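Structure assessment
Residues per chain, in single letters:
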Amino acid sequence: MKTLTIGTKIQQTIASCEATLANLDSFALETQDQAAKQMFKSLAQQQKTILDQLNQRLQYVQSEEPQYNQ
């Protein structure tokens, strides 16, 4: 069994976060309830912040620790 590298695990987490962000954006567009729409938009913004931080971490791991970039 192959152990996943840190870079691979971060990439998988990024993919999951992107899917969550897409769902939140979709919910915000589909709902007519303004309070719910605002909640989904707020959650989507938080998710975007998380994604940005994960992407920064992935870049760091790939540049500073090449053994994880396999």
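This report concerns the structure included in the present document. (Residues numbered from 1 in each chain as written. Predicted model: local features only at pLDDT ≥ 70, side-chain atom pairs only at ≥ 80, totals over all residues. Heavy atoms only, no water.)

1. Comments concerning the overall build of the protein chain
Defined as follows: Runs of E in the DSSP output that reach at least two residues are strands. Runs of H or I that reach at least four are helices, and both are numbered from the N terminus. Exposed residues in this analysis have more than 50% of their type's maximum accessible area, buried residues have under 20%, and partly exposed residues fall in between, with area computed by a 1.4 Å probe over protein chains only. In what follows, residue pairs with any heavy atoms lying within 4.5 Å of each other are defined as contacts. Computed with the Shrake-Rupley method and a 1.4 Å probe, the accessible areas treat only the protein chains shown as cover for residues.
When helices and strands are counted, the protein chain shows 2 helices and 0 strands. Counting only residues that meet the buried cut, the protein chain has 27% of its 70 residues in that class. Considering only contacts within the protein chain whose residues lie at least 6 apart along the sequence, 61% involve residues at least 24 apart. Of the roughly 5200 Å² of accessible surface on the protein chain, 52% is carried by carbon and sulfur atoms.

2. Here's the deal with the packing of helix α1 (residues 6–30) against helix α2 (residues 34–64)
Using the following cut-off: Axis definition: a line fitted to C-alpha atoms, over the contacting stretch in the case of helices. Angles run 0 to 180 degrees between N-to-C directions. Here roughly perpendicular refers to angles of 65 to 115 degrees, roughly parallel to angles under 35, roughly antiparallel to angles over 145, and oblique to all remaining angles. In this scheme the handedness of a crossing depends on how the near helix is turned from the far one: anticlockwise by less than a right angle means left-handed, clockwise means right-handed. The nonpolar class holds Ala, Val, Leu, Ile, Met, Phe, Trp, Tyr, Cys and Pro. Asp, Glu, Lys and Arg form the charged class, and all remaining residues, Gly among them, are polar.
In contact at an axis separation of 9 Å, α1 and α2 are set at 160 degrees when each is read in the N-to-C sense. Viewed along their axes, α1 and α2 adopt a mutual orientation that is roughly antiparallel. The handedness of the crossing between α1 and α2 comes out as left-handed. Residue composition of the contact of α1 with α2, by class: 17 nonpolar, 7 polar and 6 charged.

3. Details of the nonpolar core
Inclusion rule: Here, the term nonpolar core denotes a set of buried Ala, Val, Leu, Ile, Met, Phe, Trp, Tyr and Cys residues that are joined through side-chain atoms within 4.5 Å.
If you look at the biggest cluster of nonpolar residues, it comprises 13 residues, and the most contacted ones within it are I10, I14, F40 and L51. Those elements giving two or more residues to this core turn out to be α1 and α2. Looking at this core, the element that brings in the most residues is α2, giving 7 residues.

4. Brief notes about the environment of I10
Along the chain, the position of I10 falls in helix α1. With near-sequence residues (within four places) excluded, I10 lies in contact with L54, R57, L58 and V61.

5. Thoughts on the environment of L29
Checked against the element boundaries, L29 lands in helix α1. Spatially, the C-alpha atom of L29 lies 9.0 Å from that of F40, the residues being 11 residues apart in sequence.

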